[in-house]
Every structure is written in C-alpha cells, then in structure tokens.
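A closer look at the structure
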Amino acid sequence: MNVPASPPPEALALARRDTVLRFAFGVTLAFVLCEALNWRPTALAPVLAGVLLASIPIRPPLKLCLVILASMLVASSFTWLVSVLLRDTPFALWLAVSILFFASFLAMLRGAPALPCTLMLVSLAVIPVVAVASPQYVDLLPGMLSKSILIAL
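Residues numbered from 1 in each chain as written. Predicted model: local features only at pLDDT ≥ 70, side-chain atom pairs only at ≥ 80, totals over all residues. Heavy atoms only, no water.

A separate point is the layout of surface pockets. Approximately 350 Å³ is the volume attributed to the largest pocket. Taken together, 18 residues make up the lining of the largest pocket; nearest its centre are Arg-22, Gly-26, Leu-53, Ala-152 and Leu-153. Among the elements of the structure, α1 (9–37), α2 (44–55), α3 (62–86) and α6 (141–152) are those that each provide at least two residues to the lining of the largest pocket. Counting residues per element, the lining of the largest pocket draws most heavily on α1, which supplies six residues. (1 Å grid on protein atoms, 1.4 Å probe; cavity = no way out; pocket = protein on both sides within 12 Å on 5 of 7 lines; lining within 4 Å. Points joined across faces, edges and corners; volume = space filled by probe spheres on them. Helix = DSSP H or I, 4+ residues; strand = E, 2+ residues; numbered from the N terminus.)

Turning to a nonpolar patch on the surface, a few remarks are in order. Together, Phe-25, Leu-29, Leu-33 and Leu-37 line one region of the surface with nonpolar side chains, adding up to about 380 Å² of accessible area. Mapped onto the secondary structure, Leu-33 falls in helix α1. For Leu-33, a relative accessible area of 34% translates into the label partly exposed. (Patch = residues over 30% accessible without salt bridge, like charges linked within 9 Å, V, L, I, M, F, W, Y side chains within 5 Å. Areas by Shrake-Rupley, 256 points an atom, 1.4 Å probe, with all protein chains shown as cover. Salt bridge = Lys/Arg side-chain N within 4 Å of Asp/Glu carboxyl O. Buried < 20%, exposed > 50% of the residue type's maximum accessible area, 1.4 Å probe, protein only.)

Under the criterion given, the structure shown has one cavity of 30 Å³ or more. Considered as a void within the structure, the largest cavity measures approximately 50 Å³ in volume. Here the element with the most residues in the lining of the largest cavity is α6; it accounts for three residues. For the lining of the largest cavity, the per-class residue count stands at five nonpolar, one polar and two charged. (Nonpolar A, V, L, I, M, F, W, Y, C, P; charged D, E, K, R; others polar.)

Inspection of the entire model under this criterion finds two aromatic pairs. Relative to Phe-105, the ring of Phe-101 lies with its centre 6.3 Å away and its plane at 25°, an arrangement referred to as stacked. Of this pair, Phe-101 and Phe-105 both sit in helix α4 (residues 90–109), separated by four residues, roughly a single helical turn. Residue classification places Phe-105 among the partly exposed positions, given a relative accessible area of 42%. (Phe/Tyr/Trp six-rings, centres within 6.5 Å; stacked < 30°, edge-to-face > 60°.)

What follows concerns the pattern of salt bridges. On inspection of all chains with the given rule, the structure shows one salt bridge. Measuring nitrogen to oxygen at the nearest pair gives 3.1 Å for the salt bridge that ties Asp-18 to Arg-17. The exposure class assigned to Asp-18 is partly exposed, which follows from its relative accessible area of 39%.

Axis separation between α2 and helix α5 (residues 114–133) bottoms out at 11 Å; the angle between their running directions is 160°. When the interaxial angle is binned, α2 and α5 end up roughly antiparallel. Between α2 and α5 the crossing geometry is right-handed. When α2 is examined against α5, the residues Leu-48, Val-51, Leu-52 and Ser-55 are found in contact with a partner set consisting of Leu-115, Thr-118, Leu-119 and Val-122. When grouped by side-chain class, the residues that make up the contact of α2 with α5 number six nonpolar, two polar and no charged. (Axes fitted to C-alpha atoms, helices over the stretch in contact; angles between N-to-C directions. Parallel < 35°, antiparallel > 145°, perpendicular 65-115°, else oblique. Left-handed = near helix turned anticlockwise from the far one by under 90°. Contact = heavy atoms within 4.5 Å.)

Below you can see the structure in the form of structure tokens.
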C-alpha cells in the first residue's frame, strides 16, 4: 500500500508565505493602479482582487478572465436594475435583496461555481446601498465594478 508522503513542514511554510505575499502584492497593486489612474472609488478593485486571489489559487487563463468579467457585468447590471426599479420602495428593495442573497448562498451550497455567486454577493452588498443613499451615483456603479474587476484580473 503506497501512502503519499506529506510535504515537509518547511515546504508548507514556504507555500503559506508565498500565498500571503501573492495576496498582499495583488491587493496593493490594485489599489496603486486605481490611485494612479484616478479611478474612484479606489477601494473596489482591491476588494475584488482579494476576492479573486482567495477564490482562484492559480493565475486564470484568458477564457476564465473573460468569464469572470462577464459574470461581474451580469451580476452588477442585474443588481443595478433591481435597485433602480425598487429604490423608491425601500421595503420592497430590502425584500428583493434578501431573496437574492438567499438564492446566491443556496446556489453555492448546491454546488454552483463559487466565484460568480461571490461576485453577485459583492454587487448585492454595494449597489442597493448606493441606490438608496446616493441615487445620483448608482448609474455609474456597474461600470465602476466592471473596471475594478478588470484591474483585479
């Protein structure tokens, strides 16, 4: 019976260190790029970079990057549409966002890909709040999220 040998503790420590450095470098680079390009809000791209780096252990190929970009665009556009249609009735907006949160978590529990569901959750956490608090900026937010995911990729 062949039992696979576990890696030595030194190799595990180096892998853990490399993961932490990769995460820190990616999030910092996303923030610096947002500041250099003067894209506001500068916190969106680092947050999305953190989500991507925590979700994908490898460098994503071009096809996966396009799928991630498309899923962010669909999630933010759908959330924007729901938020704009229901922003005058906060209770209905709260109910719709609650149902969408539940559906996203349920989809993840049933085995749906975690990254698109996570991007939907990020959109649900940001867009409805801006729709109610600052309606003049809600139309810009799906574009900001798409640019931020592009920087994060």
